[in-house]
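# Coordinate analysis (summary)
One letter stands for each residue in the lines below.
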Amino acid sequence: MSGPLVGRDHERQQVYTAEDLSGEHTVLVDPREIVELRQILGQLQAQPWWTGNFSAEPITLVANRSTQQSSFDPVQRRISLSPAATDLNTLAHEVTHAAVHDRNYREAPHGPRFRALHVMVRAAILGPESGVDLAEQYRRFGLALGRLPGVETPGESVFNEAVYRNQHIAGWPGMNTPAHRGPIAL
Ligand SMILES: [Zn+2]
């Protein structure tokens, strides 16, 4: 389809909402120390799935002072997290921007291939089920997943899948039942 929306990031808000819904009441939204998130990021980047598909150059991780925005800077190869969003949900989102960058995909920042990679990054952190749950939310919002020729599904995850599944099944209320957070991830 062609038209004025092509190339613009018009699905961004829907992506945020789908992502928030799929993370609710899970370990994805538990606040974590930056040092722990750095460790998780390092483990993710050590996976064969990562090294086989994306740049080996380490991604650095810092906290910023924005109450609103987290981002990935491709020049410095740095993820910057809002203090309000130091969690796996936001880490996975920003890592996905890095993955899109490494693959040289040209599309709107939160387009179909971003979303397909996002599902994989979730799976690479917390196991297949967390990826499937995100894919289901994208489907409900009518947000297609792009085809990613040559990128295989992650074969392992940073956390044992039970970490995600147990909390999910128990309907764990957590300490941080999300109020609507607004756009904290760019
Ligand atoms: Zn984003």
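Overview of the structure.

What counts as what
Residues numbered from 1 in each chain as written. Predicted model: local features only at pLDDT ≥ 70, side-chain atom pairs only at ≥ 80, totals over all residues. Helix = DSSP H or I, 4+ residues; strand = E, 2+ residues; numbered from the N terminus. Contact = placed C-beta atoms within 7 Å. Axes fitted to C-alpha atoms, helices over the stretch in contact; angles between N-to-C directions. Parallel < 35°, antiparallel > 145°, perpendicular 65-115°, else oblique. Left-handed = near helix turned anticlockwise from the far one by under 90°. Nonpolar A, V, L, I, M, F, W, Y, C, P; charged D, E, K, R; others polar. Core = buried A, V, L, I, M, F, W, Y, C linked by C-beta atoms within 7 Å. Buried ≥ 20, exposed ≤ 12 C-beta atoms within 10 Å, placed from the backbone. Pairing = 2+ DSSP bridges. Expected span 1.5 Å × (residues − 1).

## Things to note about the overall build of the protein
For the protein, the count of helices and strands is 7 helices and 3 strands. The secondary structure elements of the protein, listed N-terminal to C-terminal, are α-α-α-β-β-β-α-α-α-α. Within the protein, contacts between residues at least 6 apart in sequence are counted, and of these 71% link residues at least 24 apart.

## Topic: the packing of helix H4 (residues 88-103) against helix H5 (residues 112-126)
Packing of H4 against H5 leaves a shortest axis separation of 9 Å and a crossing angle of 125°. Here H4 lies oblique to H5, going by the angle between them. Taken as a pair, H4 and H5 cross one another with a handedness that is right-handed. Counting all contacts with H4, which are made through Leu88, Ala92, His93, Val95, Thr96, Ala99 and Val100, the residues of H5 involved are Arg113, Phe114, Leu117, His118, Val121, Arg122, Ile125 and Leu126. A breakdown of the residues in the contact of H4 with H5 according to their chemical character gives 10 nonpolar, 3 polar and 2 charged.

## Points about the environment of Asp87
Tracing the backbone through its elements, the reader meets Asp87 in the loop between strand E3 (78-81) and H4. Each C-alpha atom of the pair Asp87 and Glu33 lies 8.3 Å from the other, and the pair is 54 residues apart in sequence. Among residues more than four places away in sequence, those in contact with Asp87 are Leu28, Val29, Asp30, Pro31 and Arg32.

## Examining unusual backbone geometry
For residues other than glycine, phi is negative in most cases, and the peptide bonds are mostly trans. The phi dihedral of His25 falls on the positive side, at around 60°, and the residue is not glycine. When you line up the elements, His25 lands in the loop between helix H1 (12-23) and helix H2 (34-46). Phi is positive for Arg77, which is not a glycine, with a value near 50°.

## Notes on the nonpolar core
By size, the foremost hydrophobic cluster in this structure holds 37 residues, and its most contacted members are Val95 and Val121. Put simply, the parts of the chain that give this core at least two residues each are H1, H2, helix H3 (48-53), E3, H4, H5 and helix H6 (128-140). Looking at which element gives the most residues to this core, the answer is H5, with 10 residues. Leaving out residues up to four positions away in the same chain, Val95 has contacts with Leu41, Leu44 and Val121.

## Some words on the sheet that holds strand E2 (residues 71-73)
The mixed open sheet is built from 3 strands, whose spatial order is E1-E3-E2. Every interior strand has two partners, whereas the edge strands, strand E1 (60-63) and E2, have only one. If you compare each strand with its neighbour and ignore which way they point, the axes differ by 25° on average. In terms of strand pairing, E2 meets E3 through 3 bridges, oriented antiparallel.

## Considerations on the environment of Arg115
Residue placement: Arg115 occurs in helix H5. Here the alpha-carbon distance between Arg115 and Val100, two residues 15 residues apart in the chain, equals 9.7 Å. Excluding residues that lie within four positions of it along the chain, Arg115 makes contacts with Val15, Tyr138, Leu143, Leu145 and Gly146.

## Comments concerning H4
End to end, H4 covers 22 Å across 16 residues, agreeing with the expected 22 Å (1.5 Å per residue, within 8%). Across the 16 residues that make up H4, a large majority, 13, are buried. Where H4 terminates, the next one or two residues include Asn104, which has phi positive at roughly 65°.

## Section: the packing of H1 against H6
Between H1 and H6, the shortest axis-to-axis distance is 9 Å and the interhelical angle comes to 135°. Considering their axes alone, H1 and H6 lie oblique with respect to each other. Of the two elements, H1 crosses H6, and the hand of that crossing is right-handed. Listed contacts from H6 to Ala18, Glu19, Leu21 and Ser22 of H1 are Asp133, Leu134, Gln137 and Tyr138. Here the contact of H1 with H6 is built from residues that sort into 4 nonpolar, 2 polar and 2 charged.

In short, the description is geometric, and any link to function would need to be established separately.
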